[in-house]
Amino acid sequence: MRTPLVIGNWKMHGTSASNHQLLEQLLPLLKPDTQVAIAVCPPYPYLSQVKAMIGGNLALGAQNLNMQEKGAHTGEVSGPMLKDTGCRYVLVGHSERREIYGESDLIIAEKFAVAVASELIPVLCVGETLKQRKTGQSIEVVSSQIKSVIQRNGIQSFANAVIAYEPVWAIGTGETATPAQAQEVHQKIRELIGEYDISIAETLPLLYGGSVNASNATSLFNQPDVDGGLVGGASLNAESFAAICQAAS
Ligand code: PGA
């Protein structure tokens, strides 16, 4: 039995005042007894602010980490620092990191290793571009992104991890994968993990991300291999995000 999980990715949005307002609106809307794990990933400067306001089944996550544990890396933030700040999750290999900041599969595998070593739960983001989908390469692309992490870190590194399938063409575009498209890829991901370790495959939470909103969440989360969502834009609105969390329960 997998506990549903919904993670809000705030990206590079917010101010102290807007974060405070968002959480003040959100917290009363989240049902304390729900069997859903929830997290929000604010930008680094606001991790402590958010940590101080949340609790219960709402946890803290970060959007990125450095591939080294410490050292002379001006402007970077390490896994141990995120752990120390109270993070439970960290996104690894978001498509914006891959595309805009040139993070390769190798770098992402290193970051995943540091997340695990820092006792953070890595949320490995994978997904194909529109061109790759149109040429029938979705499964191949996603599989190779996952395999590179398995090759570097071993399948046991997924024992306390999350994979988020986020088709690049669906992120921030308002275009969502259909529930059937999401289920097809999620099922393949679970089968792939199962080739290495069947019990990890059965317990690994697989999130869908890409224009998830209050209206499409239920049909996506109803799919047998979709265990929740990684939510960008809609996580900045308390009512939408609460409704998405409710849809996962
Ligand atoms: P979106 O972003 O929900 O705004 O499409 C999802 C993500 O990038 O994690």
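In this text the structure is predicted, and so the values were computed from the model without any measurement.

A. Local environment of the site of the ligand. Near the ligand lie 13 residues; those nearest to it are Lys11, His94, Glu166, Gly172 and Ser211. In this structure, Gly172 approaches the ligand through a main-chain N or O atom, which is 2.6 Å from an oxygen atom. Contact distances for the ligand include 2.9 Å between an oxygen atom and a backbone N or O atom of Gly233. Of the residues belonging to the shell around the ligand, the class tally is four nonpolar, seven polar and two charged.

B. Seen up close, empty space enclosed by the protein. Taken as a whole and assessed by the stated rule, the structure comprises one cavity of 30 Å³ or more. Around the largest cavity, the lining residues are Ile139, Val142, Ser143, Ile146, Val185, Lys188, Ile189 and Leu192. Among the secondary structure elements, those contributing two or more residues to the lining of the largest cavity are α7 (138–153) and α8 (179–196). Classifying every residue of the lining of the largest cavity by side-chain character gives six nonpolar, one polar and one charged.

C. Region of the structure containing the sheet that holds strand β7 (residues 206–209). The strand order around the closed barrel built from eight strands is β1-β2-β3-β4-β5-β6-β7-β8, with neighbouring strands paired in parallel fashion. Strand-to-strand twist of the sheet, defined as the mean angle between neighbouring strand axes without regard to direction, takes the value 25°. Taken together, the two bridges between β7 and strand β8 (residues 228–231) define a ladder with parallel strand orientation. By the bridge assignment for β8, Tyr208 is matched with Gly229. Here α7 sits on the sheet and contacts β5 (121–126) and β6 (162–165); the angle it forms with β5, its principal contact strand, is near 150°.

D. Broad picture of the packing of aromatic side chains. Under the definition given, this model contains two aromatic pairs. A ring pair is formed by Phe112 and Phe158, whose centres lie 4.8 Å apart and whose planes are at 35°; its orientation type is tilted. On the criterion of sequence distance, the pair formed by Phe112 in helix α5 (residues 105–117) and Phe158 in the loop between α7 and β6 is long-range, its members being 46 residues apart. A relative accessible area of 0% means that Phe112 is categorised as buried. When its relative accessible area of 1% is taken as the criterion, Phe158 is described as buried.

E. Molecular detail of the state of the cysteines. Across all of its chains, the model carries zero disulfides by this definition. Cys41 forms no disulfide, and the closest cysteine sulfur to it belongs to Cys87, at a distance of 7.7 Å. Here Cys245 stays free of any disulfide, with the sulfur of Cys41 as its closest cysteine sulfur at 12 Å. With relative accessibility at 4%, the residue Cys245 sits in the buried group.

Rules and cut-offs
Here, residues in each chain are numbered from 1, in the same order as that chain's written sequence. In keeping with the predicted nature of the model, local features appear solely for residues at pLDDT of at least 70, side-chain atom pairs appear and are counted solely at 80 or more, and the whole-chain, interface and lining totals rest on all residues. Just so you know, side-chain values use all the structure's heavy atoms and leave hydrogens and water out. Definition of nearness: a residue and a molecule or strand are near each other if at least one heavy atom of the residue lies within 4 Å of the molecule or strand. In the analysis that follows, any N or O atom pair within 3.5 Å is treated as a polar contact, provided that within protein one partner can donate a hydrogen and the other can accept it, and provided that, for residues neighboring in sequence, both atoms belong to side chains. The nonpolar class holds Ala, Val, Leu, Ile, Met, Phe, Trp, Tyr, Cys and Pro. Asp, Glu, Lys and Arg form the charged class, and all remaining residues, Gly among them, are polar. Buriedness of a pocket was judged along seven lines, with at least five required to meet protein on both sides within 12 Å; pockets are open sets of points on a 1 Å grid over the protein atoms alone, cavities are sets where a 1.4 Å probe fits but cannot get out, and lining residues have an atom within 4 Å of a point. Grid points are joined across faces, edges and corners, and a volume is the space filled by probe spheres set on the points. Comment: elements are numbered from the N terminus, with helices defined as DSSP H or I runs of at least four residues and strands as E runs of at least two. When DSSP finds two or more bridges between a pair of strands, those strands are recorded as paired. Angles here are taken between N-to-C directions and fall from 0 to 180 degrees, while the axes themselves are lines fitted to C-alpha atoms, restricted in helices to the stretch in contact. Any two residues whose heavy atoms approach within 4.5 Å are treated as being in contact. What counts as a ring pair is set by centres within 6.5 Å for rings of Phe, Tyr and Trp (its six-membered ring), and what kind of pair is set by the plane angle: stacked under 30 degrees, edge-to-face over 60, tilted for all other angles. For every residue, the accessible area (1.4 Å probe, protein chains only) is compared with the maximum for its type, and the residue is labelled buried under 20%, exposed over 50%, or partly exposed between those bounds. When two cysteine sulfur atoms lie within 2.5 Å, the pair is treated as a disulfide.

Fair warning: the whole summary comes from geometry, so function is off the table for now.
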